[in-house]
Amino acid sequence: MTIHSAVIQKLLSTNAHIGRQVATHHFKDYTYGFRNRMAIIDSDKTLICMRSAFNFISSLARQNGRFMFINTNPLFDEIFELMTKKVDCYSPSSNSLWRTGGFLTNSNSPKKFRSRNKKLCFGPTQPPDCIVIVDTESKSSVIDEAYKLQIPIVALVDSAMPLHTFSRIAYPIPVNPSVQFVYLFCNLITKTLLLEKKNLQLSNPKIDLREEAIRIEDKKRKNKLAKVGFTVIPYDDLAPLPEDIEETKKLLDKLVVLKVNHASGSNMGFENPKSAIDIGDGKTFLDLIVNQIETLNSKYGCQVPLFIFNKDDTHDSTLKVLEKYSESSIDVHTFKQGEHPELTLSGEHGSKEEVQTFDDGDIFRSLKIDGTLDLLLSQGKEYILVMKSDNVATIVDPNILSHLMTNTIDYCMEVTPSHSSNLILTPMNFKLQEIAQNQDKHLKDKFKLIDTTNMWVSLRAIKRLIDTNRLKPKKPSVLKGSDNDQTLRQETVAESAVQFFDNVIGVSTSESRFLPLDATSDLLLLQSDLYTYKEGVLTRNPARTNPLNPVIDLGPEFAKIGDFQSRFKSIPSIIGLDSLVVRGDVWFGSNITLKGQVTIAANPGSKLEIPEGVVIENKEINDPADI
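About the criteria used
- Residues numbered from 1 in each chain as written.
- Predicted model: local features only at pLDDT ≥ 70, side-chain atom pairs only at ≥ 80, totals over all residues.
- Heavy atoms only, no water.
- Helix = DSSP H or I, 4+ residues; strand = E, 2+ residues; numbered from the N terminus.
- Contact = heavy atoms within 4.5 Å.
- Areas by Shrake-Rupley, 256 points an atom, 1.4 Å probe, with all protein chains shown as cover.
- Buried < 20%, exposed > 50% of the residue type's maximum accessible area, 1.4 Å probe, protein only.
- Expected span 1.5 Å × (residues − 1).
- pLDDT = per-residue confidence, 0-100.
- Salt bridge = Lys/Arg side-chain N within 4 Å of Asp/Glu carboxyl O.
- Pairing = 2+ DSSP bridges.
- Axes fitted to C-alpha atoms, helices over the stretch in contact; angles between N-to-C directions.
- Core = buried A, V, L, I, M, F, W, Y, C linked by side-chain atoms within 4.5 Å.
- Parallel < 35°, antiparallel > 145°, perpendicular 65-115°, else oblique.
- Left-handed = near helix turned anticlockwise from the far one by under 90°.
- Phe/Tyr/Trp six-rings, centres within 6.5 Å; stacked < 30°, edge-to-face > 60°.

### Comments concerning the overall build of the protein
The helix and strand inventory of the protein stands at 17 helices and 29 strands. Counting contacts in the protein only where the partners sit at least 6 residues apart, residues at least 24 apart contribute 68% of the total. Of the roughly 29100 Å² that the protein leaves accessible, carbon and sulfur atoms contribute 50%.

### Section: unusual backbone geometry
Of note in this structure, Asn-64 is not a glycine but carries a positive phi near 60 degrees. Inspection of the secondary structure assignment puts Asn-64 in the loop between helix H2 (43–62) and strand S3 (67–70). According to the relative accessible area criterion, Asn-64 is partly exposed, its value standing at 45%. Of note, the phi angle at Gln-150 is positive, near 60 degrees, even though the residue is not glycine. Tracing the chain through its elements places Gln-150 in the loop between helix H5 (140–148) and strand S7 (153–157).

### Structural notes on helix H10 (residues 285–300)
With 16 residues, H10 extends 23 Å between its outermost C-alpha atoms, agreeing within 8% with the 22 Å of an ideal straight helix rising 1.5 Å per residue. Counting buried positions along H10 yields twelve of 16 residues, so the element is predominantly enclosed. Listed in full, the buried residues belonging to H10 are Phe-285, Leu-286, Asp-287, Leu-288, Ile-289, Val-290, Asn-291, Gln-292, Ile-293, Leu-296, Asn-297 and Tyr-300.

### Some words on the confidence of the model for the protein
When the pLDDT values of the protein are averaged, the result is 78; 75% of them are 70 or greater. Counting interchain partners and residues more than four positions distant, the pLDDT-below-50 stretch residues 106–124 has 39 contacts. Across residues 340–357, confidence stays below pLDDT 50; counting only partners more than four residues off in sequence or on other chains, it has 41 contacts.

### Focus: the environment of Ala-436
Positionally, Ala-436 belongs in strand S17 (residues 435–436). Ala-436 sits in the buried class, given a relative accessible area of 2%. Put simply, Ala-436 and Val-415 are 21 residues apart on the chain and 9.1 Å apart in space, counted from C-alpha to C-alpha.

### Digging into the pattern of salt bridges
Using the criterion set out here, one finds 18 salt bridges in the structure. As a salt-bridge pair, Asp-144 and Arg-168 come within 3.3 Å of each other at their nearest N and O atoms. Separated by 24 residues along the polypeptide, Asp-144 in helix H5 and Arg-168 in the loop between helix H6 (163–166) and strand S8 (171–174) bring together distant segments of the chain. The shortest N-O distance in the salt bridge between Asp-518 and Lys-274 comes to 3.3 Å. Here Asp-518 is found in the loop between strand S20 (504–508) and helix H16 (520–527), whereas its partner Lys-274 is found in the loop between strand S10 (255–261) and H10, with 244 residues between them in sequence. Given a relative accessible area of 18%, Asp-518 falls into the buried group. A single network of salt bridges, built from pairs that share partners, joins Lys-368, Asp-374, Lys-463 and Asp-467.

### Regarding the sheet that holds strand S6 (residues 130–133)
The parallel open sheet is built from four strands, whose spatial order is S3-S6-S7-S8. In this open sheet, the two strands that pair with only one neighbour each are S3 and S8. When the angles between neighbouring strand axes are averaged without regard to direction, this sheet yields 15 degrees. Both S6 and S7 contribute to a ladder of three bridges, which runs parallel. Each residue of the ladder has a partner; that of Ile-131, found in S7, is Ile-153. Together, S3, S6, S7 and S8 form the strand contacts of H2, whose direction differs from that of S8 by roughly 145 degrees.

### Thoughts on the nonpolar core
Membership of the largest hydrophobic core comes to 74 residues, with the highest contact counts inside it found for Leu-255, Leu-580, Val-586, Phe-588, Ile-600 and Ile-610. At eight residues, the largest contribution of residues to this core is made by H10. If sequence neighbours within four positions are ignored, Phe-588 has contacts with Phe-558, Arg-567, Phe-568, Lys-569, Pro-572, Val-582, Ile-600 and Ile-610. If you look at the next biggest cluster of nonpolar residues, it comprises 37 residues, including Val-228, Val-232, Ile-462 and Phe-501.

### With respect to the environment of Ile-169
Mapped onto the secondary structure, Ile-169 falls in the loop between H6 and S8. For Ile-169, a relative accessible area of 6% gives the class buried.

### Structural notes on the packing of helix H9 (residues 245–252) against H10
Viewed as axis vectors pointing N to C, H9 and H10 meet at an angle of 140 degrees, and their least axial separation amounts to 9 Å. As judged from the angle between their axes, H9 and H10 are oblique. Along this stretch, H9 crosses H10, giving a crossing that reads as left-handed. Contact residues: Ile-245, Thr-248, Lys-249 and Leu-252 in H9; Leu-296, Lys-299 and Tyr-300 in H10.

### A word on the packing of aromatic side chains
Evaluation of the coordinates by the stated rule reveals ten aromatic pairs. Their ring planes at 65 degrees and their centres at 5.8 Å tell us that Phe-54 and Phe-185 sit as a pair that is edge-to-face. Residue Phe-54 is located in helix H2, and its partner Phe-185 is located in helix H7 (residues 179–203); the two are separated by 131 residues in the primary sequence. In terms of burial, Phe-54 and Phe-185 fall into one category: buried. Relative to Phe-501, the ring of Tyr-411 has its centre 5.2 Å away and its plane inclined at 40 degrees; by these criteria the two rings are tilted. Here Phe-501 lies in the loop between strand S19 (478–479) and S20 and Tyr-411 lies in strand S15 (residues 411–417), a separation of 90 residues in the sequence. Each member of the pair, Tyr-411 together with Phe-501, is buried.

### A word on helix H12 (residues 360–369)
Of all ten residues making up H12, eight are buried, and the element is well covered by its neighbours. Considered for burial, the residues of H12 that qualify are Asp-360, Gly-361, Asp-362, Ile-363, Phe-364, Arg-365, Ser-366 and Leu-367. Immediately beyond the C-terminal end of H12, within one or two residues, lies Gly-371, with a positive phi of roughly 85 degrees.

### A closer look at the pairing of S20
Taking burial as the measure, the five residues of S20 include five buried ones, the bulk of the element. Every second residue of S20 is oriented toward a common face, with Val-504, Gly-506 and Ser-508 on one face and Ile-505 and Val-507 on the other, all of them buried. The sheet contact formed by S15 and S20 spans five bridges and is parallel. Within the sheet, the bridge partner assigned to Glu-414 lies in S20 and is Val-507.

### Things to note about the side chain of Glu-196
Considering the arrangement of structural elements, one finds Glu-196 in helix H7. With residues near it in sequence (within four places) discarded, Glu-196 still touches Ser-58, Ala-61 and Arg-62.

Written out as structure tokens, the structure is:
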């Protein structure tokens, strides 16, 4: 007996194939027909849908996603209790929160109500990343709310499910929700979540202790830095550059650019650093930086050098990318973290899968160790622009440099409003805790400003701090997973050195100058007709009237760059797009135009091809007939 037939036999033993006396029209693709006036569900289709659902659950679990399990059927209470205990979601005081859920669009504080039999608690303290529903028929209101919030749903659906509800479920599983099948379903969820948790622990066996130590350390640092404040000035308040080109040349001759090239593209299936990903027209982020510096050097006759700070696993691939500039006039220097024991943060036996966390002090000390800092000062260099993330919209801006030198500023942080309502029109004072030190979209609501991770620093101030031993090396700390998993220290990892500088300011730039490359959804924006690249600067298409970028949400089928590239014959036109949600096995033809709010979700087990040349505006597509 094959594995497939054994699984099918297991499904049949749970009566998963027995539907109801009614089979809606859209559900007939999952049925064989009727027998004894009961719809018979195709177990092969059930198995295909289950595979898709559990692949999605696994991908979320690897990213530490939050799950909400919803059940109001008392027949399943014991099953859910066993599952939540094993996956560490169980708490006697909040058990009903995970089992019942709901009221997602209300305020964040949980609401308590009394039913006939017992007290129930509704509403999670944080929005979940996925909702799993067993008794779908009685939870249509939750499905509507989750759809409004664009939270994907995994749900068991029967043959009587109405189209309005069915179409809003990202991963429906056509089945008879018998007690036996629910037990099997919950057992598979438990094994899936425990397996992903075990894989993470095996790759980092001491991660729990280290995470706890990092949390304690960060809490102390946050309390200390809560008192740190500085003035943020709007970019429009900066004085223009001198009209004399020779004066601008003198400014730029005192500048050094440093790219911290630690972020790998492994979370997108890219083995090289993210800065080497093709973001459009055959250009990489490194190409943009080099082109900007070449343009400045050519326009003003200056000589701005570029330093690239690599990790061990990004160094060789970066050198290959830079081979194309061997004949260029730009002065490029590369060095890697592992060349100096003082900068090898993960220890002598660090795993390649471990993420080496570092702070500003590590970057500054790297310049001092091999004499680079003293050499730059002897050459008349005074400021360094440090780019710590792959913000593709970064600009090497002489206006900021001019302001810093005129006012003798030691440290400048480029920030951008977290929302359009937070625009800085006049100089304002901010505490450091009011500025998000990361690019996590879920944290934007908690902060007024976002650090673009570009910092301008005086080289003399760096030397003064190092010579007085104020920038002491930290104890090694390692986090698990890819670059997107550094959630424990996102709020403080970049801020530790600010407190040591005397004259600190922030410059508030427009939101258009902050576009980090974190996922293939960002890659869709960059490769579309929304942006062009000129002299290394990202320029938005003037035909777009909306000042905000479209919100792009591609499903796990598009998560890897290889899959992303194969599913698009050409990138659609998105100048008039407000939001795009794609789920399931979807393939795009060429010359497609998307406008307004578009949702494209392939039915489980089926392939959905978007034909060439179509215009889709404010539509929800589940079938070619919907186009």
